[in-house]
Structures are given as structure tokens and as C-alpha cells.
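Results of the structural survey
Single-letter residue listing:
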Amino acid sequence: MRKQVNFSKEGIIVIFGVILYLQNWLITQNEVWGYMDELVAVIFLMYYFFSNKILKKDVILIILAVITILSGISFNLIFGIQTYWLAITEDILSLYKFLFVYLGMKTYLEKKGVRVDRILKIVCPILKIYLIVLFIFTIANLVTNIEMSSEVRYGLKNFAFIYGTPGHIINQMTYSILLLYGEREYIGRKNTLFIGLTLLVMLATLKTRAIILTFLFLALYYFFAIKKKKRIGLEISTVVIAIVLLGISQFEYYFLSEGAPRQMFVAGAVKLVKEYFPFGTGFATYGSSAAADFYSPLYYLLGFSNRWGMTETNQLFLNDNYLPMIFGEFGIVVALLFLLLIYIYCKRIIKASKETNSINIRLITYFFIGDIVLSSIQSSYLAHYSIVTLSFFYFLLFYRNRKMAEK
């Protein structure tokens, strides 16, 4: 009877995992799937509060979350730029879902636990077939026209598969690395070939983010798996410098070129910080998905409504930022408190990985943190639905898990 219950629990997790992995495609079929990540985040937050008294180590995170949320709402009430409570609620869920998943999942895994080896035995064979299919289409896309490219970069057609946007492929490949390393950690399969295929497919998107994440993974693999480093403080500094050199030209093009959407968001955030100092404009007013969905009045004032890709009917570039959104909506003081929350969150995760003796877990932990930090420079990644999927797989596979600890 007990085995049947365990299988049921793990079977549900498999279903949720598959849905989250394919969420970007499911959204194109029906927009209702776009709320899946918020639903998962709310479920985990409810589990945290209803199944456990608040832990002392979580108090600082919760206090910072409450302060920043109440501050953002107060700015909405004071300035009245965004008055739709649905938009405000949507923005709060979007900005804090990474924290909700963390609180709920870590509590569940520490108290209940899940046999992730059983999950991986179901998921990984399917994943490997998918990776082989992707790699075949990647090669075909390079040599002939199969209409799986969105643009030409460096003289080559980039790879977008059936999604139309290479970013979706990059996200899926980061999930895949976590799953393959989970199989390496708990089942003992090295998966070198499939990890290589994953990196090649990601590189085939020809996006700077893909190049940087591939470099990050290979650097971490070199330090942890080959050199067997236990501490990589100096090495991380070297990696950061290399990443800056890799991405500096793209940063200058997208963030410093006059009239570029990201440059307009940065300039707009600076203007808002000065005008509303020391306050912000409130939730769903600047840079967020909710601000785009309910088209913030600020976009008319800042001239965004006159820029292609930033209008009310064409919102292609309205989600391509993160830090400008944080400083615009929160103001400089509350934004710094929010960034402190993110810093503590990252520090806690790294600390938990150091308590293990696993090279695999430490490698993937730094990759996970690197992904969310680096991806948030060029997009609103920490507020995107993909952060829930990445977090779901990371915590499931690599955080403290009672069941796997007892194995």
C-alpha cells in the first residue's frame, strides 16, 4: 500500500514536471497554460504556511518580502498610476514566485521527501529521445531550409525548432542539464553524450545568452569535475571577467545604443527614480508582464507607445528587462531591499549545496544561480514563467531531500 502511495505522489510530480517543461509550447496552444507557473508557486506558498510554523532562518526573507510588497502596494495607492488590482496581484505573483517555490519546495522535501530516482527513470529516457530529435533538426536547420530559424547570426541560421523563439530552446536545455545531472547523481549514469548534445543544441540558437551559459557550464565542469576544486572563489571571479568580455559587445548594442528598447527602459527607470525619489511607481506600472498586459500609462508619458514593439498592440520588447523594472516600480530604497532578498536567497542555496559532499550538486547549484542572475540581465527572467520550471527541477533534484537521504 505504501509503495502505491509513493508512486502516486511521484507520478503527479512527473505530470507537473512535463507540463512545466513544455509550458512555452502549451501557451501557444491555449493562453490558460500561462498561469500554470503562478498556480504552482501559490500551491507551494500555501503548503509552506499551512504545514509548518515559520522557521527562524526564513524570517528575514519573509520580512523583506512583506516590506517590499507593502511598499509597492502603497506606491500604487499614493500615485494611482496602476489602479487595477488584478494587474497588481498578477505582478506580485510574478515578482515573488521564485521565493514562493523556494519556501514551499524546500519545506516539502525536508519534511516529506520524494524518490527522485523513480521520477528520473520515467522522465530521462523520454528526454533523451527528445534531445536526439532536437539535435537532428539542429543539423538539418544548418544545411537546408526547414523553417526552424528566426534569424541569421554570424552567417548562420539560428535554431528555434517549432517554437519560433530561440529563448524557449535555451530554457529547455537548461532544464535538461538539471535532469541529466540528476540522473548522474542518483542513478549513476554519466550522460556525457547527452549533456554534449544539450550544449550543442543550446549553442545552435546563436544567442549570446546561450554562448555565455555554455561557457559557464564548461568552466564549472572544469573546476569541479576535472580539477576537483572544493572552493572556487578566485575561479568564479575569472569566469565573471570572461563572461563580461563575451557579452560586452551585445550589452553595448542592446543597452547603450540610443533608441534600443532596453536602453529606453534603462533611461526610463533612471527618470522614474529621480522623479519619484525615494519612492517607486508601484506594481504593474513599469517593465513587468502585468504592466504590458494592462498597458501602463507611464508608457505613453515615456514615449514607448511610439516605438515599434513597445506599443499597446505590439508588445514584443516590453518584457526585455529586469533591473529597470525593479528600480522603476520600487524606487531606489525598496529596490535595494528587494535585491538584498535575492542575495540572501542565492546565498542560502549555495550554502545548502556546500553541506553536501557531491561535486554534481555543487556544480549544478552554481549553474542554477549563474543562470538566474545572468539571464536576468538581458530579460525579466526572475519574473518569467521559466524560473518556476528551473526552480522546480533544481529543488526537486538537488536540494535537501529526506527520501533520497535515506536511500
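Values in this document were obtained by computation on a predicted structure and should not be read as measured data. Position labels on residues start from 1 in each chain and follow its written sequence. A pLDDT threshold of at least 70 governs which residues receive local features in this predicted model, and a stricter bar of 80 or more applies before side-chain atom pairs are shown or counted, although totals over entire chains, interfaces and linings include all residues. The side-chain numbers reported here are obtained from all heavy atoms of the structure, hydrogens and water having been left aside.

**Considering the overall build of the protein**
For clarity, the cut-off: Elements are defined by DSSP. Helices are runs of H or I of four residues or more, strands are runs of E of two residues or more, and each kind is numbered from the N terminus. To get the radius of gyration, use the C-alpha atoms; to get the globule rule, take the number of residues to the power 0.38 and multiply by 2.2 Å. Each residue is assigned to one of three classes by its accessible area relative to the maximum for its type, calculated with a 1.4 Å probe on protein chains only: buried under 20%, partly exposed between the two thresholds, exposed over 50%. Should any heavy atoms of two residues lie within 4.5 Å, those residues are counted as being in contact. Accessibility throughout is a Shrake-Rupley quantity obtained with a 1.4 Å probe, and a residue counts as covered only by protein chains that appear here. Counted charges follow a simple rule, with Lys and Arg positive, Asp and Glu negative, and His plus the chain ends left uncounted. Every charge is mapped to an atom, namely NZ of Lys, CZ of Arg, CG of Asp or CD of Glu.
If you tally the helices and strands in the protein, you get 17 helices and two strands. What you see for the protein is a C-alpha radius of gyration of 21 Å, in line with the 22 Å of a compact globule of 407 residues. C-alpha atoms of the protein, sized along the principal axes, occupy 60 × 55 × 45 Å. Taken over 407 residues, the protein has a buried fraction of 54%. Across the protein, the fraction of contacts at a sequence separation of at least 24, relative to all contacts at a separation of at least 6, is 71%. Summed over its atoms, the accessible surface of the protein is roughly 18,800 Å², and 67% of this surface lies on carbon and sulfur atoms. One finds the centroid of the 39 positive side-chain charges in the protein at a distance of 14 Å from the centroid of its 24 negative side-chain charges.

**So, empty space enclosed by the protein**
To be explicit about the condition: Cavity and pocket criteria rest on a 1 Å grid covering protein atoms alone: a 1.4 Å probe that fits but cannot get out defines a cavity, protein on both sides within 12 Å along at least 5 of 7 lines defines an open pocket, and an atom within 4 Å of a point defines a lining residue. Grid points are joined across faces, edges and corners, and a volume is the space filled by probe spheres set on the points. The classification used treats Ala, Val, Leu, Ile, Met, Phe, Trp, Tyr, Cys and Pro as nonpolar, Asp, Glu, Lys and Arg as charged, and all other residues, Gly among them, as polar.
Counted by the stated rule, this structure contains one cavity of 30 Å³ or more. The computed volume of the largest cavity comes to approximately 40 Å³. Lining the largest cavity are L20, N24, H168, N171, Q172, Y175, Y385 and S386. Residue composition of the lining of the largest cavity, by class: three nonpolar, five polar and no charged.

**Regarding the packing of helix α11 (residues 261-276) against helix α14 (residues 323-354)**
Basically, it comes down to this: Lines fitted to C-alpha atoms define the axes, with helix axes restricted to the stretch in contact, and inter-axis angles between N-to-C directions lie between 0 and 180 degrees. The labels follow the angle: roughly parallel below 35 degrees, roughly antiparallel above 145, roughly perpendicular from 65 to 115, and oblique for the rest.
Here α11 crosses α14 at 10°, and the two axes come no closer than 9 Å. By the criterion of interaxial angle, the relationship of α11 to α14 is roughly parallel. Residues F265, V266, A269, L272 and V273 of α11 lie in contact with α14, whose contacting residues are P324, F327, G328 and I332. A breakdown of the residues in the contact of α11 with α14 according to their chemical character gives eight nonpolar, one polar and no charged.

**Thoughts on a nonpolar patch on the surface**
For clarity, the threshold we go by: Each patch is assembled from residues with relative accessible area greater than 30% and no salt bridge, linking like charges that lie within 9 Å and nonpolar side chains (Val, Leu, Ile, Met, Phe, Trp, Tyr) that lie within 5 Å. Salt bridges are identified by distance alone: a Lys or Arg side-chain nitrogen within 4 Å of an Asp or Glu carboxyl oxygen.
On the surface, M46, F49, F50, I54, V59, I63 and I67 cluster together into a nonpolar patch covering about 660 Å² of accessible area. Residue assignment for the nonpolar patch shows that the elements contributing at least two residues are α3 (36-51) and α4 (56-79). Checked against the element boundaries, M46 lands in helix α3. By relative accessible area, M46 is classed as partly exposed at 46%.

**Side note on the packing of aromatic side chains**
We apply this condition: Stacked, edge-to-face and tilted are the three classes for Phe, Tyr and Trp ring pairs, Trp counted by its six-membered ring, which pair at centre distances within 6.5 Å; planes under 30 degrees apart are stacked, over 60 edge-to-face, the rest tilted.
The final tally for this structure, using the stated rule, is 41 aromatic pairs. Relative to F304, the ring of F265 has its centre 5.0 Å away and its plane inclined at 65°; by these criteria the two rings are edge-to-face. One end of the pair, F265, is in helix α11; the other, F304, is in the loop between α13 (298-301) and α14, and 39 residues separate them in sequence. For the residue pair F265 and F304, the accessibility class agrees, reading buried in each case. For the pair F368 and F395, a centre-to-centre distance of 6.0 Å together with 70° between the ring planes defines the contact as edge-to-face.

**Re the confidence of the model for the protein**
How we decide: The quantity known as pLDDT measures the predictor's confidence residue by residue, on a range of 0 to 100.
Scored by pLDDT, the protein comes out at a mean of 87, with 93% of its residues at no less than 70. In the model of the protein, helix α17 (residues 402-406) stands out as the element of lowest mean pLDDT, 57, in contrast to helix α8 (residues 192-203), which has the highest, 95. Under a pLDDT of 50 for its full length, residues 1-6 has, in the predicted model, two contacts with residues more than four places off or in other chains.

**Some points on the pattern of salt bridges**
Here the structure, examined in full by the defined rule, presents 11 salt bridges. Sharing partners across several salt bridges, the network here consists of D37, E38 and K97.

**Some remarks on the environment of V244**
When you line up the elements, V244 lands in helix α10 (residues 233-256). Given the relative accessible area of 45%, V244 is considered partly exposed. Residues V244 and I212 lie 32 residues apart in sequence; the distance between their C-alpha atoms is 9.2 Å.

**Considerations on the layout of surface pockets**
Each pocket or cavity is described by its volume, and for the second largest pocket that value is around 350 Å³. Along the wall of the second largest pocket there are 13 residues; nearest its centre are I13, I43, F44, Y108 and F392. Elements represented by at least two residues in the lining of the second largest pocket include exactly α1 (2-21), α3, α5 (85-111) and α16 (386-398). Looking at side-chain class alone, the lining of the second largest pocket contains 12 nonpolar, no polar and one charged residues.

**Topic: the nonpolar core**
This is how the line gets drawn: To define a nonpolar core, start from buried Ala, Val, Leu, Ile, Met, Phe, Trp, Tyr and Cys residues and group those joined through side-chain atoms within 4.5 Å.
Y96 and F395 are the most contacted members of the largest nonpolar core, which has 113 residues in total. In terms of residue count, the dominant contributor to this core is α14 (14 residues). Among all residues touching Y96, those that are not within four sequence positions of it are A65, T68, I69, F283, F330 and F338.

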